[in-house]
Amino acid sequence: MQKAKMIVDKEYKIADIDDRVYGSFIEHLGRAVYGGIYEPNHPKADEQGFRKDVLGLVEQLNVPIVRYPGGNMVSAYNWEDGVGPKEDRPRRLELAWRTIETNQVGTNEFVDWAKKAGSEVMMAVNLGTRGIDAARNFIEYCNHPSGSYWSDLRRKHGYEQPHNIKTWCLGNEMDGPWQVGQKTAYEYGRLAKETAKAMRLVDPTIELVSCGSSNSTMPTFPEWEAETLDHTYEEVDYISLHQYFGNKDQDSQNYLANGIELDRFISTVISISDYIKAKKRSQKTMMLSFDEWNVWYHSTDHDKQLDSWTIAPPQLEDHYNFEDALLVGSILITFLKHADRVKMACMAQLVNVIAPIMTDNMGAAWKQTIYYPYMHASVFGRGTSLQPVVSSPKFDTKDFTDVEYLDSAVVYNEEHEEVTIFALNRHISEALAVDINVSGFEEYQIAEHVVLEHDDLKAVNTAQNQAVAPHSNGKSSLKGGFVEAMLSKASWNVIRLKRVK
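The following refers to the structure shown. Quick caveat: nothing in here was measured; it's all calculated off a predicted structure.

1. Quick word on the environment of Asp318
Then comes step 1: Relative to the assigned elements, Asp318 resides in the loop between helix H9 (300-303) and helix H10 (322-337).
Then comes step 2: The class for Asp318 is buried, based on a relative accessible area of 0%.
Then comes step 3: Between the alpha carbons of Asp318 and Ile354 there is a distance of 5.2 Å; along the sequence they are 36 residues apart.
Then comes step 4: When neighbours within four sequence positions are excluded, Asp318 is seen to be in contact with Val295, Trp296, Tyr297, His298, Ser299, Ile354 and Gln368.
Then comes step 5: Engagement of the side chain of Asp318 in a polar contact is seen with the side chain of Ser299, the distance being 2.6 Å.

2. Quick look at the pattern of salt bridges
Then comes step 1: Under the defined criterion, the tally for this structure stands at 34 salt bridges.
Then comes step 2: The partner of Arg31 in a salt bridge is Glu317, and the shortest N-O contact between them spans 2.7 Å. Of this pair, Arg31 sits in the loop between strand S3 (23-25) and helix H1 (52-61) while Glu317 is found in the loop between H9 and H10, placing the two residues 286 residues apart along the sequence.
Then comes step 3: We classify Arg31 as buried; its relative accessible area is 7%.
Then comes step 4: A salt bridge links Asp230 to Lys280, with the nearest nitrogen and oxygen atoms 3.6 Å apart. Residue Asp230 is located in helix H6 (residues 223-232), and its partner Lys280 is located in the loop between helix H8 (259-279) and strand S11 (287-295); the two are separated by 50 residues in the primary sequence.

3. As for H10
Then comes step 1: Look at H10: 23 Å from first C-alpha to last across 16 residues, which is about the 22 Å you get at 1.5 Å a residue.
Then comes step 2: Burial within H10 is extensive, with 15 of its 16 residues counted as buried.

4. Let's talk about the side chain of Asn137
Then comes step 1: Its place among the elements puts Asn137 in helix H3 (residues 132-143).
Then comes step 2: For Asn137, the contacting residues outside a window of four places in its chain are Trp79 and Trp150.

5. Some remarks on the packing of aromatic side chains
Then comes step 1: In this structure the tally under the stated criterion is 20 aromatic pairs.
Then comes step 2: Pairing Phe138 with Trp168 gives two aromatic rings, centres 5.4 Å apart and planes at 90°, and the pair type is edge-to-face. With a gap of 30 residues between them, Phe138 in helix H3 and Trp168 in strand S8 (residues 167-170) connect regions that are remote in the sequence.
Then comes step 3: Among the aromatic residues, those joined into a cluster by ring pairs are Trp79, Phe138, Tyr141, Tyr149, Trp150 and Trp168.
Then comes step 4: For Arg67, the ring lying beneath its charged end belongs to Phe25, and the centroid distance is 4.6 Å.
Then comes step 5: We note Lys284 situated over the ring of Tyr233; from NZ or CZ to the ring centre the distance is 5.5 Å.

6. Focus: the sheet that holds strand S21 (residues 432-437)
Then comes step 1: Across the sheet, which stays open at both edges, the five strands sit in the order S16-S1-S21-S24-S23 with mixed pairing between neighbours. Either end of the sheet is taken by a strand with one partner, and the two such strands are strand S16 (389-391) and strand S23 (475-479). Along the sheet, successive strands turn relative to each other by an average axial angle of 15°, direction set aside.
Then comes step 2: Inspection of the sheet shows S23 paired to strand S24 (residues 482-487) by five bridges, in the antiparallel sense. Across the sheet, the residue bridging to Lys475 is Met486, located in S24.

7. Regarding unusual backbone geometry
Then comes step 1: With omega at 0°, the peptide bond leading from Tyr68 into Pro69 counts as cis.
Then comes step 2: Inspection of the secondary structure puts Pro69 in the loop between strand S4 (65-68) and strand S5 (92-94).
Then comes step 3: Phe221 connects to Pro222 through a cis peptide bond whose omega is 0°.
Then comes step 4: Within the secondary structure, Pro222 sits in the loop between strand S9 (207-210) and H6.
Then comes step 5: The backbone of Arg98 shows a phi angle near 55°, a positive value even though the residue is not glycine.
Then comes step 6: Within the secondary structure, Arg98 is located in the loop between S5 and strand S6 (99-101).
Then comes step 7: Even without being glycine, Gln250 reaches a positive phi, approximately 60°.
Then comes step 8: Residue class for Gln250 comes out partly exposed when judged on its relative accessible area of 45%.

8. A closer look at the state of the cysteines
Then comes step 1: In total, this model carries zero disulfides according to the counting rule given.
Then comes step 2: Note on Cys142: no disulfide assigned, nearest cysteine sulfur contributed by Cys169 at a separation of 13 Å.
Then comes step 3: For Cys142, a relative accessible area of 0% gives the class buried.
Then comes step 4: Not part of a disulfide, Cys211 finds its nearest cysteine sulfur in Cys169, a span of 7.4 Å.
Then comes step 5: The buried category is assigned to Cys211, whose relative accessible area is 2%.

9. Overview of helix H5 (residues 185-202)
Then comes step 1: Compared with an ideal rise of 1.5 Å per residue, which puts 18 residues at 26 Å, H5 spans 26 Å between its outermost C-alpha atoms and is within 8% of the ideal.
Then comes step 2: If you check which residues of H5 are buried, you get Ala185, Tyr188, Gly189, Leu191, Ala192, Thr195, Ala196, Ala198 and Met199.
Then comes step 3: Along its buried surface, H5 packs onto strand S7 (120-125), H3, S8, S9 and H6.

10. Concerning the pairing of strand S12 (residues 342-348)
Then comes step 1: For S12, the tally of buried residues reaches seven of seven residues, placing the bulk of the element in the interior.
Then comes step 2: With three bridges connecting them, S3 and S12 associate as parallel partners. Paired with Ser24 across the two strands is Met347, which belongs to S12.
Then comes step 3: Strand direction decides the pairing type here: S11 and S12, joined by four bridges, are parallel. Note on S12: the bridge partner recorded for Phe290 is Ala345.

Cut-off values and rules
Every chain begins its residue count from 1, and numbering advances along the sequence as written. Predicted model: local features are reported for residues with pLDDT of at least 70 only, side-chain atom pairs are reported and counted for 80 or more only, and whole-chain, interface and lining totals are derived from all residues. Derived side-chain values reflect all non-hydrogen atoms in the structure, with water molecules and hydrogen atoms excluded from consideration. Only DSSP runs of H or I reaching four residues or more are called helices, and only runs of E reaching two or more are called strands; each is numbered from the N terminus. With a 1.4 Å probe rolled over the protein chains alone, any residue whose accessible area is under 20% of its type maximum counts as buried; one over 50% counts as exposed, and the rest are partly exposed. Any two residues having at least one pair of non-hydrogen atoms within 4.5 Å are treated as being in contact. Between N or O atoms, a polar contact is any pair within 3.5 Å; within protein, one atom must be a potential hydrogen donor and the other a potential acceptor, and residues adjacent in sequence are included only when both atoms are from side chains. We count a salt bridge whenever a side-chain nitrogen from Lys or Arg sits within 4 Å of a carboxyl oxygen from Asp or Glu. Here a helix's expected span is defined as the number of its residues, less one, multiplied by 1.5 Å. Here a pair means two rings of Phe, Tyr or Trp (six-membered ring of Trp) with centres within 6.5 Å. Their orientation is stacked below 30 degrees between planes, edge-to-face above 60, and tilted elsewhere. Throughout this description, the term charge over a ring refers to an Arg CZ or Lys NZ atom that lies within 6 Å of the ring centre and within 35 degrees of the ring normal. A pair of strands is treated as paired once DSSP finds two or more bridges between them. Axis lines are fitted to C-alpha atoms, over the contacting stretch for helices. Their N-to-C directions set the angle, which ranges from 0 to 180 degrees. Counting rule for disulfides: a pair of cysteine sulfur atoms within 2.5 Å.

Structural data, given as structure tokens:
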């Protein structure tokens, strides 16, 4: 059995956590929209065709913001196709994923859905095939009260009040050769800057996200960040990061160490952003929007067999196993460690497409393994991120050295007088005993110790069998200012402390 130590002190503050770090993403891709959030003929559909069983699962996640409508899809999307009477909306060839887009769900419907889900909308504009003019018209349609062509058209469409969407992405993955309308860093930087200026003239209250590199392995990373921010720095509030992980070589110990790679990626983007800040003598600090992240590799071979130009095919439907859930927990822990700069993040995606929620057409909706750490972090990870002092045994893998078996983050919610310790035991065969000094939190007791564990790292959930699900029988006790916790092998743990008055 391995042993580790941790010190938790309310004075060791990283930053207040922006709730939007627990955001998600819905793209017009696969069955995310049609058959996912929207299925008018489903027995549990509401009056607008939205699946109430899916909404119920989304509400449990307490998702604060959802990015829409893409993703790669947005780079050839005409937003005007998705507004107005549904019978008049055109069917289009959707070029990013080579499907037919029916446009039966568009901007107004998605805003309605987001309200039902208790979420804000992070809207993306097309900077692939379009640009400044379409973007400024789009924000006028969404956010201007009335008295202009586009705002009055929204009112004609039945939405008297503006949507007041406050967060906007300036395109998507514009460095990627797979992107319709791929740009060089110079081309994108200039276009994004001028688009941002025009959009802010329509609504000065918005926040804007500039495209960073599509992932940390792009040949132009991090030069892309430096050159694009050289243009956009004073016009935008965030730069985006995207990253997906997979265990293609089936090396579980190496796979669970990928939080190290994620930390390097975030730290590099922070360094480049701060370099541009210094170069420009700016008073503003650039924040990060990690608006695409997840595990994605299970469905790759399956998707190669799908026919093109069909409606809502089962694309990117990864069926997640237990070790995927552990890595998702590590990703969330890493975001909390960088709460001073990572202010938004979006698990990609929310339903069916590389998602925590799966559905059957005309059938059930259920929770994938990755649902649980996402839910725990979102529900219990609100407040101030604290910096724990950790002493943990370490291991090496083929890609990483000095990886701590104990991966952890701590959140202090002063208002509710709660402390939550998120702890991942990365050891795949041995338990980890952890002594946690919480002596600064007097009169606190353990309210709950939630554990996600399973003997089989490859175990999956189905509609009929939730094989991987959390329990509240974690082994921990608090005495004399110390929590003694036993973390079972390869486990995700949520230890919640609450002050007893």
